[in-house]
Amino acid sequence: TALLVACQVGSHECTQALLRAKAAVDASSAKGFTALMLACARGHHMCAEELLCAKASPHASESHGWTALIIAASETTSHSGHVLCIDMLVRAGARLTDRTSTGLTALARAACNGNEGCVKALVRARAGVHTADEDGWTPLHYAVEHGHGS
């Protein structure tokens, strides 16, 4: 949909116009990604804010369990937009305990990628630092395994 494209490219003005025209806020792509997920993937926090104000669901997930929060936390760049997206999603009620189909939480994904800003935002939000996956690995294990132990 046009809203998906607008959010993926970060067009705040188009996002606003489409939402005013009553675009379906939680419509998803063929792969199951919502506009909120696409905005958060790129750190387009202004688009994400518009979507959340229009009542986009912070709980929506695609077929592998990836939510907007997990997607925002998974980015390898330390773009401040991702941290802002995480903060907004948490305030909107995103669940810090959601997991991908492989059992990873948003904090574990941020730790894997060494994204310090996202890790700090999630810890501030009280994400489970001791939450283990089915193999017993915590976010700290993932950080060390991927060379981000300092």
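To be clear, the structure that these remarks concern was listed above.
Computed from a predicted model, the values in this text were never measured in an experiment.

Draft legend 1. Examining the environment of asparagine 115 more closely. Locating asparagine 115 in the fold gives a position in the loop between helix H7 (106–113) and helix H8 (116–124). A relative accessible area of 2% places asparagine 115 in the buried class. In this structure the side chain of asparagine 115 is engaged in a polar contact, spanning 2.9 Å, whose partner is the backbone oxygen of glutamate 75.

Draft legend 2. Seen up close, the side chain of threonine 15. Considering the arrangement of structural elements, one finds threonine 15 in helix H2 (residues 12–20). In contact with threonine 15, other than residues within four places in its own chain, are Leu3, Ala6, Cys7, Cys47 and Glu50.

Draft legend 3. Summary view of the pattern of salt bridges. Scanning the entire structure with this criterion turns up three salt bridges. Arginine 124 is paired through a salt bridge with aspartate 87; the nearest N and O atoms lie 3.9 Å apart. Taken together, the residues arginine 124 in helix H8 and aspartate 87 in helix H6 (residues 80–91) connect sequence positions 37 residues apart.

Draft legend 4. Summary view of unusual backbone geometry. Not every positive phi belongs to a glycine, and lysine 22 is a case in point at roughly 70°. The residue lysine 22 is located in the loop between H2 and helix H3 (35–41) in this model. Of the residues examined, lysine 22 reaches a relative accessible area of 70% and is grouped as exposed. Backbone geometry at arginine 126 places phi at a positive 75°, although glycine is not the residue there.

Draft legend 5. Just the packing of helix H1 (residues 2–9) against H2, in detail. Between H1 and H2, the least distance of the axes is 8 Å, while the angle of their chain directions is 155°. Overall, the two elements H1 and H2 adopt an arrangement that is roughly antiparallel. Crossing of H1 against H2: the hand is left-handed. On the side of H1, the interface is formed by Ala2, Leu3, Ala6 and Cys7, while H2 contributes Cys14, Thr15, Leu18 and Leu19.

Draft legend 6. Quick look at the side chain of threonine 138. Locating threonine 138 in the fold gives a position in the loop between H8 and helix H9 (139–145). The exposure class of threonine 138 is buried, given its relative accessible area of 15%. Among residues more than four places away in sequence, those in contact with threonine 138 are Val129, His130, Thr131 and Ala132.

Definitions and limits used
Residues numbered from 1 in each chain as written. Predicted model: local features only at pLDDT ≥ 70, side-chain atom pairs only at ≥ 80, totals over all residues. Heavy atoms only, no water. Helix = DSSP H or I, 4+ residues; strand = E, 2+ residues; numbered from the N terminus. Buried < 20%, exposed > 50% of the residue type's maximum accessible area, 1.4 Å probe, protein only. Polar contact = N/O pair within 3.5 Å; in protein donor to acceptor, adjacent residues only side chain to side chain. Contact = heavy atoms within 4.5 Å. Salt bridge = Lys/Arg side-chain N within 4 Å of Asp/Glu carboxyl O. Axes fitted to C-alpha atoms, helices over the stretch in contact; angles between N-to-C directions. Parallel < 35°, antiparallel > 145°, perpendicular 65-115°, else oblique. Left-handed = near helix turned anticlockwise from the far one by under 90°.

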